[in-house]
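Below are the chains, spelled out letter by letter.
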Amino acid sequence: MKRIVILISGRGSNMEAIVEACAAQAWPARVAAVISNRADAAGLDYAAARGIATAVVEHRAYADREGFDAALAQAIDAQAPDVVVLAGFMRILTPGFVQRYAGRLLNIHPSLLPAFTGLHTHRRAIEAGCKLAGATVHYVTAELDHGPIVAQAAVPVLPGDTEQTLAARVLASEHRLYPMAVRWAIEDALQVDANGVVRQRDGAAQLML
Ligand code: GRF
C-alpha cells in the first residue's frame, strides 16, 4: 500500500475528493495523514471523522520559512509518504523543501497554466475575456505555479459569469481532475522527460467539461 500525505490550509474539498476516490476506487494506497498549517482548517474535521491521522504545524509559530518548512518536513516524513499532495495549501515553500520531495510533490492550481499564476485567477480570467478556464495539476518546483504539468481540466467561461460562479465551476472540475492525477502518481503512470514535460502512460491528461 502506498502512502499519501495531503497538506491543506482551509476547506479541504479537494482533499475530500481524493480521500473518497481512494476508497471508492480501491487504490493500492491510503491517505496516511492530513496536515494543516492552520488549526482552524475545516478539512481537519472531515479527515479526523474518516479516521485519518491529522497534524497541525502552525506557520505562525516559526520565525522564518526555513524553520516552518523543517517542522513541516518532519511531520510529513513521520508518515513516510510516496506522494505528497498540496490541496489548497496556502504557503510558499522553500527551494530546500521542494527539492526534498522532488518528483512526489503535486499541487492543483485553479487556472489553465501557464496562464494566471498566483492569486485571483477567476477574476483575472473573466477580465481578460477568456472563453475557457480550468485547473492544472502540476509537479511542484521552486518557482511558484510553474512545475511540469500533469493534467488539466477545461470549463467554459459563460456570459454573465462572476468570480464566484466561475470558481464553483472550476472547483467541480478540480474534484474530478485531482483524484485522477494522484491516482496516476500512485500507479507510477507518470514520467517527466528530459524537457521537463510529463508523459502519462496512456496519453490521457485532460478533462473537457
Ligand atoms: C482550490 O481552488 C485550489 O485549486 C486552490 O485552492 C482551492 C482549495 O480549495 N489551490 P479546497 O480547500 O480544496 O476546498
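Residues numbered from 1 in each chain as written. Predicted model: local features only at pLDDT ≥ 70, side-chain atom pairs only at ≥ 80, totals over all residues. Heavy atoms only, no water.

(A) Focus on the domain arrangement of the protein. Splitting the protein by domain gives domain 1 (1–101) and domain 2 (108–209). Across the contact, 20 residues belong to domain 1 and 16 residues belong to domain 2. Joining domain 1 to domain 2, the criterion identifies one salt bridge. Linking domain 1 with domain 2 are six residue pairs in polar contact (both at pLDDT 80 or more), by the criterion used here. Contributing elements (two or more residues each) for the side of domain 1 that touches domain 2: strand 1 (2–8), helix 1 (13–24), strand 4 (83–86) and helix 4 (95–100). (Domains from an automatic or database assignment. Contact = heavy atoms within 4.5 Å. Salt bridge = Lys/Arg side-chain N within 4 Å of Asp/Glu carboxyl O. Polar contact = N/O pair within 3.5 Å; in protein donor to acceptor, adjacent residues only side chain to side chain. Helix = DSSP H or I, 4+ residues; strand = E, 2+ residues; numbered from the N terminus.)

(B) Up close: the packing of aromatic side chains. Per the stated rule, a full pass over the model turns up two aromatic pairs. Where tyrosine 62 meets phenylalanine 68, the ring centres are 6.2 Å apart and the plane angle is 55 degrees; that geometry is what we call tilted. A relative accessible area of 4% places phenylalanine 68 in the buried class. The interplanar angle of 55 degrees and the centroid separation of 4.9 Å between the aromatic rings of phenylalanine 97 and tyrosine 101 together place this pair among those described as tilted. This pair shows no difference in class: phenylalanine 97 is buried, exactly as tyrosine 101 is. (Phe/Tyr/Trp six-rings, centres within 6.5 Å; stacked < 30°, edge-to-face > 60°. Buried < 20%, exposed > 50% of the residue type's maximum accessible area, 1.4 Å probe, protein only.)

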